[in-house]
Amino acid sequence: MKKIYLSILCMAGMTLASCDGFLTELPTDAVADEEAFSSAKDFSNNLNGVYNRLGSYRFYGRNVVCLGDAASDVAYHDAKSGNYLTLATWQVQATDAILLDMWEYGYKVINNAAKIIRAGEEADFPESEMATVHGCMAQAYGLKALAAFALTTIYALPYSETNRSTPGIVNITEPVEAFQQVSRSTLNDNYSLILSDIARAKEYFAREDVDIPGYFYINPVALEALEAKVKLYMQDYAGAITAATAALEARESSLVASPEAYRAMYTNNTVTPEDIFVIAKSATDNPGANSLGTMYPFYGLHMSEEVLAEYAGTDIRTALLHVDDGGKYSGTSEGADAHNVPVLRLPELYLTLAEACAEQGDYARAKENLLVLATARDPELDPASIPENAAIRETIRQARKLELIQEGHRYFDARRWEIRIDVARGRFTGFDPSLFAYPIPQTEVNAGYGVVQTEGWERALPK
C-alpha cells in the first residue's frame, strides 16, 4: 500500500562522488560506487546528499532564485555589499563566481542523481528493499530534470523554433567520470531529456509499494507541476494544460485568502497549503550570510518600489510585501535567515493554466483560472475588470509578476515572452533578455574537456 510521509528533509552529508568544477579535478569526497550502494538505506542516504546540493545557497537555495529577480525589473541591488552585485547590476563576466557555483552545483545534482539511477538499475536486493530503491530512483530522475531545466534556462537561449538547434547545456544520461570528454547538446535535446527524465520518474513512482514522499521532496504532484512549467516554456500549451490540471487535481488544496494566512505561509517553516515542492531550511543549517533572508535586504537586494506600488490597497499580499523589507524572507520562527525556499507552488499552476488557455484562444477558461488566484489575493477585486479577450494576456503577465515576486521567475518570464524590461534600477532601459544567455563559466571552458563558450554572448548584454 502506498503511503504519504511528511518528514523534514534530512540534510545529510554528501557521500556520492563529485568533482569541483564538474570535470576539472578528481573527486575530493568520493566513495566507490560499489560501497556507496550496498543496501537500500544507502540509496536514501545518498539521495539526501543530492537534496543537500540542490538546496545549497550556491544553487537553488539562493543563487538560482536571486538571479530570476535581481536580473529583472522587480528587484535591484543598492551596492550595500558585493554579494550578487555584479549580476544584479549586469556587470557580467564569464569568470563570475556565482555563475560558476550554479553550474558546478547544478551538475553535482545531475551527476549524482545519475549515479543513484545507474546503481538502482543494477541493484539486486530483496523485494521489500527494492521499493525503497525505486522510490529513490523516482526522486533522482525528478531532481535531475529540475536541475537540468534550471541550468538550461540560465546558460542557453529561451526555447523557441528559432533557438531549438542552438547550444544548450551538457546532457547527462550516464554519470560523468573525472576528465571525461563531453559536449554541449542542442537546446531541443536538453528539453527532450528533461521531459524523458520526468516521465521515468513518474514510472518509478507508479510501481507497487513505492512510498510517496511529502512536499519537502520531489513527489508525483511536483513532477506534474514541473512538466507543466517545462511545457509552458516550450510553448506546448496543450501539454502545459494537461500537466497543470493533473497537478491541481492531485494536490487537492486551495489558495489562502486572508492577510494573516498569506503572511503565515512565509513566517514559518512548515508545509503550507500552497506548497508543491519546497526546499527545507532551518536554523541548524546555519544559512547566515548565504541565505535569501540575508540577501533581502541586509546584503543590498530589494524589491522594486515601483512594482510594490502596483498592488491594490485591498491586496492581502501587502501584509507581507513592503519597501525596505525582506518580504517573503523577512524571518520565520526558526530565525531571521532560515527560510524554506519555494520551488513549485499552487499559484503558479493557476497562472500556467491561465496563460496556456489564453495562448490557445480559450479566453473564458483563461479568465476562470486567473480569477481563482486574483480573487483569493484581492477579495474586493471586480471580476469584470479582467478581460475575456486577447487583452487578458497582459493581465496574466502582470499577475505573474506580482504573485511570483522573490521566487525567481521574472527574468525567465521576460525572456520567453520576448518583452523588453528596464534592469539595474533603470540603468539599462529596453533590454531584451530573450537574446541573452549567461556565459559558460570560464573555468569549465578552460578545463578543456569539451565544453565550449557561447559565441558572442557579450553582444546581447544590456547597453
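In case you missed it, the structure is sitting above this.
Residues numbered from 1 in each chain as written. Predicted model: local features only at pLDDT ≥ 70, side-chain atom pairs only at ≥ 80, totals over all residues. Heavy atoms only, no water.

A look at the overall build of the chain
For step 1, the next point in the chain: Across its full length, the chain holds 17 helices and eight strands.
For step 2, the next point in the chain: Over its C-alpha trace the chain gives a radius of gyration of 21 Å, about what one expects of a compact globule, namely 23 Å for 463 residues.
For step 3, the next point in the chain: Projected onto its principal axes, the C-alpha coordinates of the chain cover approximately 60 × 50 × 45 Å.
For step 4, the next point in the chain: Among the 463 residues that make up the chain, the fraction classed as buried is 61%.
For step 5, the next point in the chain: The contacts of the chain with a sequence gap of at least 6 include a subset with a gap of at least 24, amounting to 73%.
For step 6, the next point in the chain: As presented, the chain carries roughly 17,200 Å² of accessible surface, and 49% of it is formed by carbon and sulfur atoms.
For step 7, the next point in the chain: Between the centroid of the 39 positive side chains of the chain and the centroid of its 63 negative side chains there is a distance of 3 Å. (Helix = DSSP H or I, 4+ residues; strand = E, 2+ residues; numbered from the N terminus. Rg over C-alpha atoms; globule rule 2.2 N^0.38 Å. Buried < 20%, exposed > 50% of the residue type's maximum accessible area, 1.4 Å probe, protein only. Contact = heavy atoms within 4.5 Å. Areas by Shrake-Rupley, 256 points an atom, 1.4 Å probe, with all protein chains shown as cover. Lys, Arg positive; Asp, Glu negative; His and termini not counted. Charge placed at Lys NZ, Arg CZ, Asp CG, Glu CD.)

Topic: the packing of helix α14 (residues 363-377) against helix α15 (residues 392-403)
For step 1, the next point in the chain: At their nearest, the axes of α14 and α15 sit 11 Å apart, and the two run at 30° to each other. Comparing the axis directions of α14 and α15 gives the class roughly parallel. When the axes of α14 and α15 are compared, the crossing they make is left-handed. Facing α14, whose interface residues are Tyr363, Ala366, Lys367, Leu370, Leu373 and Arg377, α15 presents Ile392, Arg393, Thr395, Ile396, Ala399 and Glu403. (Axes fitted to C-alpha atoms, helices over the stretch in contact; angles between N-to-C directions. Parallel < 35°, antiparallel > 145°, perpendicular 65-115°, else oblique. Left-handed = near helix turned anticlockwise from the far one by under 90°.)

Considerations on the pattern of salt bridges
For step 1, the next point in the chain: Per the counting criterion, the structure on display carries 25 salt bridges.
For step 2, the next point in the chain: The salt bridge involving Arg58 is made with Asp101; its shortest N-O contact spans 3.8 Å. Of this pair, Arg58 sits in the loop between α2 (40-54) and α3 (63-70) while Asp101 is found in helix α5 (residues 97-122), placing the two residues 43 residues apart along the sequence.
For step 3, the next point in the chain: With relative accessibility at 26%, the residue Arg58 sits in the partly exposed group. (Salt bridge = Lys/Arg side-chain N within 4 Å of Asp/Glu carboxyl O.)

Focus on the pairing of strand β8 (residues 428-431)
For step 1, the next point in the chain: Alignment of strand β7 (residues 421-423) against β8, held across two bridges, turns out to be antiparallel. Its bridge partner being in β8, Val423 is matched across the sheet by Phe428.
For step 2, the next point in the chain: Connecting the antiparallel pair β7 and β8 is a turn made up of four residues, with Ala424 showing a positive phi of about 55°. (Pairing = 2+ DSSP bridges.)

Some words on the pairing of strand β4 (residues 275-279)
For step 1, the next point in the chain: Of all five residues in β4, five are buried; the element is thus mostly enclosed.
For step 2, the next point in the chain: Note: β4 against strand β6 (residues 341-345), four bridges, orientation antiparallel. Counted as the bridge partner of Val278 is Pro342 from β6.

As for unusual backbone geometry
For step 1, the next point in the chain: Put simply, Tyr296 and Pro297 share a cis peptide bond, and its omega is -10°.
For step 2, the next point in the chain: Relative to the elements of secondary structure, Pro297 occurs in the loop between α11 (292-295) and β5 (301-303).
For step 3, the next point in the chain: Within the chain, Glu418 stands out as a residue other than glycine whose phi angle is a positive 60°.
For step 4, the next point in the chain: Mapped onto the fold, Glu418 is located in the loop between α16 (410-417) and β7.

Considering the nonpolar core
Nonpolar side chains in soluble globular proteins generally cluster together in the buried interior.
For step 1, the next point in the chain: Ranked by internal contacts, the top residues of the largest apolar core, which has 155 residues, are Phe59, Tyr60, Trp90, Tyr155, Phe277 and Tyr438.
For step 2, the next point in the chain: With 17 residues, helix α6 (residues 127-155) is the largest single contributor of residues to this core.
For step 3, the next point in the chain: Setting aside residues no more than four positions away along its own chain, Tyr155 makes contact with Leu99, Met102, Trp103, Ile169, Arg184, Ala437, Tyr438, Pro439, Ile440, Pro441 and Thr454. (Core = buried A, V, L, I, M, F, W, Y, C linked by side-chain atoms within 4.5 Å.)

What about the packing of helix α8 (residues 220-233) against helix α13 (residues 346-359)?
For step 1, the next point in the chain: At a minimum axis separation of 10 Å, α8 and α13 run at an interaxial angle of 35°. With respect to the hand of their crossing, α8 and α13 are arranged in left-handed fashion. Residue-level contacts link Ala225, Ala228, Lys229 and Leu232 of α8 to Glu348, Leu349, Thr352, Glu355 and Ala356 of α13.
For step 2, the next point in the chain: Along the lines of polarity and charge, the residues of the contact of α8 with α13 split into five nonpolar, one polar and three charged. (Nonpolar A, V, L, I, M, F, W, Y, C, P; charged D, E, K, R; others polar.)

A word on α13
For step 1, the next point in the chain: Its 14 residues give α13 an end-to-end C-alpha distance of 20 Å, which sits within 8% of 20 Å, the value for a rise of 1.5 Å per residue.
For step 2, the next point in the chain: Among the 14 residues of α13, 13 are classified as buried, and the element is accordingly described as predominantly covered.
For step 3, the next point in the chain: Positive backbone phi, at 85°, marks Gly361, one or two positions downstream of α13. (Expected span 1.5 Å × (residues − 1).)

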